[in-house]
Amino acid sequence: MEYRTAGESHGPALVTIVSGVPAGLALSSAAIDSDLARRQGGYGRGGRMQIEHDRARILSGVRFGRTLGSPVALEIANRDWENWAQRMAQEGRPPHDLASERSPRPGHADLVGALKIGTQDCRNVLERASARETAARVAAGAVARACLAAFGVEVGSYVTRIGDVMLPAAEVERKGGVFASAKVESSPVRCPHEETGARMTAAIDAAREAGESLGGWFTVTVQGLVPGLGGYAEAGERLTGRIGGALLSIPAIRGVEFGLGFRAGTLPGSQVHDPIVYREEPGAFGRIGRARNNAGGLEGGMTTGEALVVHAVMKPIPTLMRPLGTIDLETHEATDASTERSDVCAVPAAAVVAEAEVALVLAGAYGDKFGHDALDDALRAFESYVARIAVR
Ligand code: EPS
């Protein structure tokens, strides 16, 4: 499933067009809105989230509650637009002094973007580079999530680290890397371990107090994936690359690991690869399974039938209330980086965005294997495939 987005952070709206959506999928704006609300949550968000109440308006591709097989266009209005109508006007001249827009923030797209497009007004860059755009990605991802649900697939996420506060590895191992969604959704930082979550919120408070920002780590899990999605024969089919690339396209994401991750490079092969077993009790896709899931659900660029477990690291938000040094792009004098309203920590929100990105890749992989045209046809092809691999 492919998507594009458009829209500035303080423009009238964000839009997305999702293509590759099969016909016959039940889709309502309510399903999309619940994901948008999850993205808006999370302890450490800034004042903007008090203003916005993100809702998707379906503009195309749906009739009588079902998709038509045509592109699905979605619009999310920016409520804050009315406060920015002058500064973001599409006509006329800038009404204000641009000095405050000429101090690029280290870590944001401001400086390199301004050089790239030939402007000293960093707002021309930052309005689009802002992670506000990820609301549109989440809306697109909700369409993919609905499609995956038809194949019995469930996508979730949880936060494992904020700054120096970390979810104990023993907790993760105890749960096999997958937590009940109720535990996660009720945590203000999407951390399934209450005591660690409380320490994370305290770390965010301390960072806010110090004019700092914090990054962290999160994990996306996907359960119910049929073995054999993706492909080993062509570089572009490999889900490892497609999921990795999708996650790294999210602003501020700096690294991705699957399953055992970087530790796989520190252990001998016998401790890394997952023994193949023939189970007494058949699972959803037959008796062939794995004794463990160090691979994180991918082997040879394809799903193994085990849960997909993918980790990512987010760097701290670049807008600092005690700003780093920068230069004025016109005078070249040293100055402080601009300080506009922002988040202290957006790791919980980034985890929801990552769910959307992973869902889009996987819904596309189901379409590639079972057909993109009509959901019913794809489900029939899926059932016939499942019946074949189950008896082998
Ligand atoms: C965001 C909206 C933004 C920021 C944040 C994410 O709103 P505003 O800039 O109006 O305060 O809260 O943007 C960034 C972290 C960033 O680096 O650009 C959102 O909707 O997620």
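Just so we're clear, the structure is a prediction, and the values are computed from it rather than from any experiment. (Residues numbered from 1 in each chain as written. Predicted model: local features only at pLDDT ≥ 70, side-chain atom pairs only at ≥ 80, totals over all residues. Heavy atoms only, no water.)

A. Just the sheet that holds strand β10 (residues 253-258), in detail. If you walk across this open sheet you meet the five strands as β8-β7-β9-β15-β10, and the pairing is antiparallel. The two strands at the open ends of the sheet, each matched to only one other strand, are β8 (165-166) and β10. Both strand β7 (residues 154-162) and strand β9 (residues 216-223) contribute to a ladder of eight bridges, which runs antiparallel. Residue pairing in the sheet places G156 in a bridge with T221 of β9. Packing against the sheet, helix α12 (residues 347-370) makes contact with β7, β9 and β15 (308-314), and its axis sits at approximately 35° to β9. (Pairing = 2+ DSSP bridges. Helix = DSSP H or I, 4+ residues; strand = E, 2+ residues; numbered from the N terminus. Contact = heavy atoms within 4.5 Å. Axes fitted to C-alpha atoms, helices over the stretch in contact; angles between N-to-C directions.)

B. Summary view of a nonpolar patch on the surface. Taken together, the side chains of L111, V112 and L115 make up a nonpolar region of the molecular surface, amounting to roughly 300 Å² of accessible area. Among the secondary structure elements, L115 is positioned in helix α4 (residues 110-117). The exposure class assigned to L115 is exposed, which follows from its relative accessible area of 63%. (Patch = residues over 30% accessible without salt bridge, like charges linked within 9 Å, V, L, I, M, F, W, Y side chains within 5 Å. Areas by Shrake-Rupley, 256 points an atom, 1.4 Å probe, with all protein chains shown as cover. Salt bridge = Lys/Arg side-chain N within 4 Å of Asp/Glu carboxyl O. Buried < 20%, exposed > 50% of the residue type's maximum accessible area, 1.4 Å probe, protein only.)

C. Main features of the side chain of D343. Note on placement: D343 falls in the loop between β17 (334-336) and α12. A polar contact is formed between the side chain of D343 and the side chain of R45, at a distance of 2.9 Å. Of note is the side chain of D343, whose polar atom sits 2.7 Å from the backbone nitrogen of G46. D343 has contacts with G44, R45, G46 and I317, leaving out every residue within four places of it along the chain. (Polar contact = N/O pair within 3.5 Å; in protein donor to acceptor, adjacent residues only side chain to side chain.)

D. Geometry of the packing of helix α10 (residues 239-248) against α12. Two elements in contact, α10 and α12, have axes separated by 9 Å at closest approach and are oriented at 150°. For α10 against α12, the interelement crossing comes out right-handed. On α12, the residues touching L239, R242, I243, A246 and L247 of α10 are A354, E357, V358, V361, L362, A365 and D368. When grouped by side-chain class, the residues that make up the contact of α10 with α12 number nine nonpolar, no polar and three charged. (Left-handed = near helix turned anticlockwise from the far one by under 90°. Nonpolar A, V, L, I, M, F, W, Y, C, P; charged D, E, K, R; others polar.)

E. Molecular detail of the sheet that holds strand β2 (residues 13-19). Reading across the sheet, the four strands line up as β1-β2-β6-β3 and stay open at both edges, with antiparallel pairing between neighbours. In this open sheet, the two edge strands, each paired with only one partner strand, are β1 (2-6) and β3 (56-58). Strand after strand, the sheet turns through a mean of 25° between neighbouring axes, direction not considered. As defined by bridge partners, β3 adjoins strand β6 (residues 72-77) across three bridges and the pair is classed as antiparallel.

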